[in-house]
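Close look at the chain arrangement
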Amino acid sequence: MYPFLLHSLSMSLFSSVIGPFGGFFASGFKRAFKIKDFGDVIPGHGGIMDRFDCQFLMATFVNVYISSFIRTASPQKLLQQVTNP
């Protein structure tokens, strides 16, 4: 259970400290390409992409974290690591 808690703690710290800056990164991309919004599906909100800035940043981090530190080839191995003491 200890490795699971350690990985959960590191991901939660990243998500609470760095995750909110996903919107700032997206705004930087939009300003660099001189576009106002990523879309117009939701009027006044900048589109669907603008609603999920933080989630895209977190999905990238979780993918890199899992492939770098956990390195499990299958969900069965991950469940085995979680359930074994």
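My aim in this report is to walk through the structure given alongside it, one point at a time. (Residues numbered from 1 in each chain as written. Predicted model: local features only at pLDDT ≥ 70, side-chain atom pairs only at ≥ 80, totals over all residues. Heavy atoms only, no water.)

**Quick look at the overall build of the protein**
Inclusion rule: Strands are runs of DSSP state E lasting at least 2 residues, helices are runs of H or I lasting at least 4, and numbering of each runs from the N terminus. Throughout, a residue-residue contact means that at least one pair of heavy atoms, one from each residue, lies within 4.5 Å. All accessibility values rest on the Shrake-Rupley procedure with a 1.4 Å probe; residue burial counts only the protein chains present in the view.
Per the secondary structure count, the protein includes five helices and zero strands. Ordering the α and β elements of the protein from the N terminus gives α-α-α-α-α. Sequence-distant contacts in the protein: of pairs separated by 6 or more residues, those separated by 24 or more amount to 54%. When the accessible surface of the protein is totalled, it reaches about 6700 Å², and 70% of it is carbon and sulfur.

**Focus: the packing of aromatic side chains**
Condition: Note on ring pairs: Phe, Tyr and Trp rings are taken, using the six-membered ring of Trp, and paired if centres are within 6.5 Å. Classes follow the plane angle, with under 30 degrees stacked, over 60 edge-to-face and the rest tilted.
Under the criterion given, the structure shown has three aromatic pairs. Judged by centre distance (5.7 Å) and plane angle (40 degrees), the ring pair of Phe61 and Tyr65 falls under tilted. Remark: Tyr65 and Phe61 occur in helix α4 (residues 53-70); sequence separation between them is four residues, near one turn of the helix. Taking 5.0 Å as the distance between ring centres and 50 degrees as the angle between the ring planes, the aromatic pair formed by Tyr65 and Phe69 counts as tilted. Taken together, the residues Tyr65 and Phe69, both in helix α4 and four residues apart, mark about one turn of the helix.

**Re the packing of helix α1 (residues 2-17) against α4**
Note the following rule: Angles here are taken between N-to-C directions and fall from 0 to 180 degrees, while the axes themselves are lines fitted to C-alpha atoms, restricted in helices to the stretch in contact. Comment on the angle field: the value is read as roughly parallel under 35 degrees, roughly antiparallel over 145, roughly perpendicular from 65 to 115, and oblique elsewhere. By the definition used in this description, the sense in which the near helix is turned from the far one sets the handedness, with an anticlockwise turn below a right angle giving left-handed and a clockwise turn giving right-handed.
Running from N to C, α1 and α4 point in directions that differ by 150 degrees, and their axes come no closer than 11 Å. On the basis of their axis angle, the class for α1 and α4 is roughly antiparallel. In this structure, α1 meets α4 at a crossing whose hand is right-handed. Seen from α1, the contacting residues are Leu6, His7, Ser10, Met11, Phe14 and Ser15; seen from α4, they are Met58, Phe61, Val62, Tyr65, Phe69 and Ile70.

**Thoughts on the packing of helix α2 (residues 22-32) against α4**
The condition is simple: As a working rule, the residues Ala, Val, Leu, Ile, Met, Phe, Trp, Tyr, Cys and Pro are called nonpolar, Asp, Glu, Lys and Arg charged, and the rest polar, with Gly in that last group.
Relative to each other, α2 and α4 sit at 105 degrees, their axes nearing to 7 Å. Considering their axes alone, α2 and α4 lie roughly perpendicular with respect to each other. Together, Gly22, Gly23, Phe25 and Ala26 of α2 and Asp53, Cys54 and Leu57 of α4 make up the contact between the two elements. Its residues assigned to classes, the contact of α2 with α4 comprises four nonpolar, two polar and one charged.

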